[in-house]
Amino acid sequence: MRQTYANLTHKVSTFTENARFSHYLISSKLGQGGMGEVFLARDLELERRVALKILPADLAGDDENIRRFVREAKAASALNHPNILTIYEVGHEDGLRYISTEYVHGETLRQRIRRGSISRDSAIEIASQIGAALNAAHSNGIVHRDIKPENIMIREDGLVKVLDFGLAKLHETESPRQTGSDALTEVQINTERGIVMGTAQYLSPEQARGKKIDGRSDIWSLGVILYEMLAGVRPFEGETTTDVLAGILKSEPEPLSNGSDATSEELARIVRKALEKDADKRYQKATDFLQDLKELASDRAPGRDSGRSELLGSETLPTMRLEPRQIATLENLRGSGPDLIASDAVTGKDRAASRRRNILLLSAAAVLVAVMGVAAYYKFTSPGSLNSIAVLPFQNGSGDPNLDYLSDGISESIIDRLTLLPNLKVIARNSSFKFRGQDAAADAAKALGIRAVVTGRVIQRADQLSVRVELVDAQDNRQLWSQVFNRNAGEAQSIQEEISLGIAERLRALEPSIGPAEMTQRDLVKPRAFEQLLRARFALRQYTPESTRKAIELYEGAINEEPGYPDAHAELAYAYRISSSNAFVDPAEANPKAARSAEKALQLDDRIALAHLVLAEVERDNWNWAGAEVQYRRSSELNPNLAEGHEAYAIYLSVLGRHDDAIAEMKRAAELDPLRLQSHVSLGAVYYNARRYDEASGALRKALDLDANSPVAHAWLGIVNAGRGSFGDAVADYRRAIELGDNTTATRCYYGYALARNGQPEEAREISRVLGSGSEFVSPVGLAVLYTGLGEKAAALESLEKAFRERDPQLQYLNVEPHFDSLRGEARFQAVVTQVGLSR
């Protein structure tokens, strides 16, 4: 017969020194919590001290509490990690349920905080060990949900243990990994929406709202703990629980540090990121949080070169995963200390000693596995094919948006240097810069179709510059190389060079197919000249008439500082070319300046691909087809990763009717710059020139996937639909483009053509009247398209002849433009084709 609660309560109350319970001998009571009383006891069968947790008698009859008690046992026993409390046994005796765990001799983190201030290094170390425990739990689909100082024990030797998985919850969206517990794979626990579980001051915003949670909630709680250890107070306080929850949801904590050194700023940034109220902006994985803490600890290690952190070189051990029993065995061998076996890369204060210790432990593991007859499952990470990379825009950690040019400029300089590596695919800036920060690495890799990702952070304070950079294998988030520079602000160029060379060396070591490259240290220029160059790049990327003019001024400023600066001359040439091709200035004025600057760059260094590309474009505008091809080919040889070069060469091949080659070049450009809308528009254009209309529409639809409100993509859909004879669709496309802001004269000319062919000649003639009035510049070739749609052949031919006299660059499309098909039999039309040099 089931015993009464009163009898059970009485039984527990008799658990004094030397009381017997099952096969345990009670020594003393250690404490009491909401889910049970805890006693120090001795396991008489295995002869070891244990902590014995017994469910409160008055709750033992509650099925929900029983389930919760069992939940704690199953969740915790499924985990075997040095920083997680080890579960020995789960059972029941005389109507009471209990859990037997290892006994941790030490103090709770709450007790440690109350004893006084905790040093920054100690706080980082404690948080790192808690993070390692959370990483192990999250990797098995388990969220703790109640991380707080009371649930953290610190042993006398400094080892941290995370306790009490009483609130632990398996991810609903993922099946937990096999961990040796069959029951674990069967448990799927959902928290009822609206029920808040946990301790108020450490609840994440999503917990406070009663929403579904994942591991990012534990990361928030750890962020609160780290803040509390550093500041001595919790970030969110209040007189009532409601006040605390309101602060968590609405308020920002006081700034953690006003320190001016880079380490203080970086630690404050780490805590801020852990405490992002939007979970999507928080650290997404405990490994990311741990990595930042490890880098910070590594930077502060004594005896380290103050200018950089130690590289993760070729001695880095492969990743290994063991079954729980083998991990436990190694833990017994190893004793206390940080977990060195299951980490993805060996890091710490003494890497050489860590490596030696790992080698010894791994050897011991091999012997033990053989003796025990247990099959170990090793996952050796292999570099595989690390022949593709993206450099994400470095984060500006200075808090000053005026320094965005510096963080963006350094990362762009690294892209430019890495493009010189043979057999390495380097994503163009336009696409890689759509992602920012270490947390974006996995998303960037997936979206860009690459394997390796470079992330970084730049902090400038007065005349001090700190740059942190990391190379990771996005396939398994494995760090391949990492470095931190603390230098004078004037050394930005040398830092960029060293980063590029370091990454290149590491990639070549991991992927031999990349091969050697001419990437020796470049001559350094005056700091002011390099700064002007970075500022110019930042301005040029805005692609407006004003920003382009500003960029030209800044490039000229860099050249004034350093007249022999080849990169500045080449990029000035490119800025002039952008001014010309976008009609920001008269091409007759801009193109000669572009050519002169490009030639000057090549006089200083004839290996600059960008300068050859600018000369190719100028030659094409001058209808010097043979000369243009020489320059295009040279540009591609020097830098096969220059997406702009492949795109420009594709257009060149297309207008000459070499369509298969053009499409191949344009696909290569789109592969290098997959998230740049213009890459897909240009691919649609070369398909259109080849009269492959379905494929052209497909490419333009991809452009609209990137930006559904792109006027240029809608305008090009109109051109494609008109080419295939779908004039009604073309009219709708043009109208949409104009609604979105494309009111250029070129689009209106093509719109008029479609209207005329769609049976709306009066509207087309009104457009013709306005554009023919001379009130604004209109390409004579565009007017010829409009006149052709209206059936006015004589006017169209006259306009084409005028275009030749004015050297309109649009004449290069004469042979491939379907809108001119009705004119091809005209002698005057063929005469213009011959004059332009396009006769076949």
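Preceding this section is the structure that the text describes.
**Q** Quick rundown of the nonpolar core? Include the residues and the values.
**A** One finds Ile389, Phe394, Ile499 and Ile503 to be the most contacted residues of the largest nonpolar core, which totals 139 residues. The residues contacting isoleucine 389, other than those within four sequence positions of it, are Leu418, Leu424, Lys425, Val426, Ile427, Ile450, Ala452, Val453, Val454, Leu471, Ile503 and Leu507. In terms of nonpolar packing, the next biggest core, distinct from the first, is built from 45 residues, Leu134, Trp220, Ile225 and Val244 among them.

**Q** Tell me about the pairing of strand 15 (residues 452–461), and please be specific about residues and values.
**A** Extensive coverage of strand 15 is indicated by the burial of 9 of its 10 residues. Relative to strand 15, strand 12 (residues 388–391) is paired through 3 bridges, and the arrangement is parallel. By the bridge assignment for strand 15, valine 391 is matched with valine 454. Bridging between strand 13 (residues 395–396) and strand 15 involves 2 bridges; their strand directions are parallel. Its bridge partner lying in strand 15, asparagine 396 is registered against valine 458. Of the strand pairs in this sheet, strand 15 and strand 16 (residues 464–473) are connected by 10 bridges, and their pairing is antiparallel. Residue pairing for strand 16: valine 458 is matched across the bridge by valine 467. Linkage of strand 15 to strand 16, two consecutive antiparallel strands, is achieved through a turn of 2 residues, within which alanine 462 is found at a positive phi near 55°.

**Q** Please provide a residue-by-residue account of the packing of aromatic side chains, values included.
**A** Summed over all chains, the structure comprises 14 aromatic pairs. Ring centres 6.1 Å apart and planes at 55° place the aromatic pair tyrosine 688 and tyrosine 693 in the tilted group. On the accessibility criterion, tyrosine 688 (1% relative accessible area) is buried. In textbook terms, an aromatic cluster arises when at least three aromatic residues are bridged by ring pairs, as seen for Trp625, Tyr632, Tyr649 and Tyr652. Its guanidinium or amino end placed over the ring of tyrosine 405, arginine 535 lies 3.9 Å from that ring's centre, counting from NZ or CZ.

**Q** Give a description of the pattern of salt bridges that names residues and reports values.
**A** Evaluation of the coordinates by the stated rule reveals 53 salt bridges. In this structure, aspartate 292 engages arginine 468 in a salt bridge whose closest nitrogen and oxygen atoms are separated by 3.4 Å. Taken together, the residues span a long stretch of sequence, with aspartate 292 in helix 9 (residues 286–299) and arginine 468 in strand 16 at a distance of 176 residues. On the accessibility criterion, aspartate 292 (1% relative accessible area) is buried. Two residues, glutamate 617 and arginine 620, come together in a salt bridge whose shortest N-O distance is 3.6 Å. In this pair, glutamate 617 and arginine 620 both sit in helix 20 (residues 609–621), 3 residues apart, roughly one turn of the helix. Classification of glutamate 617 as buried rests on a relative accessible area of 11%. On the accessibility criterion, arginine 620 (7% relative accessible area) is buried.

**Q** Provide a residue-level description of the environment of glutamate 619, including the pertinent values.
**A** Looking at the secondary structure, you find glutamate 619 in helix 20. Separated by 12 residues in sequence, glutamate 619 and glutamine 631 have C-alpha atoms that sit 8.7 Å apart. Among all residues touching glutamate 619, those that are not within four sequence positions of it are Asn624, Gly627 and Ala628.

**Q** Can you explain the packing of helix 18 (residues 566–581) against helix 20? Please cite residues and give values.
**A** As a packed pair, helix 18 and helix 20 sit with axes 8 Å apart at the nearest point and diverge in direction by 30°. Between helix 18 and helix 20 lies a crossing of left-handed hand. On helix 20, the residues touching Ala570, Glu571, Ala573, Tyr574 and Arg577 of helix 18 are Leu610, Ala611, Val614, Glu617 and Asp621. Considered class by class, the residues forming the contact of helix 18 with helix 20 number 6 nonpolar, no polar and 4 charged.

**Q** Before we move on, can you summarise the sheet that holds strand 10 (residues 160–162) with the specific residues and values?
**A** Paired through backbone hydrogen bonds, the strands of a sheet run either parallel or antiparallel to each other. With respect to topology, 3 strands assemble into an open sheet ordered 7-9-10, the strand pairing being antiparallel. The open sheet is flanked by strand 7 (106–108) and strand 10, the only strands paired with a single partner. Each strand of the sheet is rotated relative to its neighbour by a mean of 25°, with strand direction disregarded. Where strand 7 meets strand 9 (residues 152–155), 3 bridges bridge the pair, whose relative direction is antiparallel. Opposite glutamate 107, over in strand 9, you have isoleucine 154 as the bridge partner.

**Q** Give me the pairing of strand 5 (residues 87–93): which residues, what numbers.
**A** Pairing between strand 5 and strand 6 (residues 96–102): 6 bridges, direction antiparallel. In the sheet register, glutamate 93 faces strand 6, and the bridge partner there is leucine 96.

**Q** Which residues make up helix 27 (residues 727–739), and what values do they have?
**A** Spanning 13 residues, helix 27 covers 18 Å between terminal C-alpha atoms, matching the ideal 18 Å at 1.5 Å per step. For helix 27, the full list of buried residues reads Phe727, Ala730, Val731, Asp733, Tyr734 and Ala737. Viewed along the axis of helix 27, the buried residues span an arc of 165°, placing them on a single side of the element. Buried-residue contacts for helix 27 involve helix 26 (711–724) and helix 28 (745–757). Directly after helix 27, the chain includes glycine 741, whose backbone phi takes a positive value near 115°.

Reading the values: the criteria
Residues numbered from 1 in each chain as written. Predicted model: local features only at pLDDT ≥ 70, side-chain atom pairs only at ≥ 80, totals over all residues. Heavy atoms only, no water. Core = buried A, V, L, I, M, F, W, Y, C linked by side-chain atoms within 4.5 Å. Buried < 20%, exposed > 50% of the residue type's maximum accessible area, 1.4 Å probe, protein only. Contact = heavy atoms within 4.5 Å. Helix = DSSP H or I, 4+ residues; strand = E, 2+ residues; numbered from the N terminus. Pairing = 2+ DSSP bridges. Phe/Tyr/Trp six-rings, centres within 6.5 Å; stacked < 30°, edge-to-face > 60°. Lys NZ or Arg CZ within 6 Å of the ring centre and 35° of its normal. Salt bridge = Lys/Arg side-chain N within 4 Å of Asp/Glu carboxyl O. Axes fitted to C-alpha atoms, helices over the stretch in contact; angles between N-to-C directions. Left-handed = near helix turned anticlockwise from the far one by under 90°. Nonpolar A, V, L, I, M, F, W, Y, C, P; charged D, E, K, R; others polar. Expected span 1.5 Å × (residues − 1). Arc of directions from axis to C-beta.

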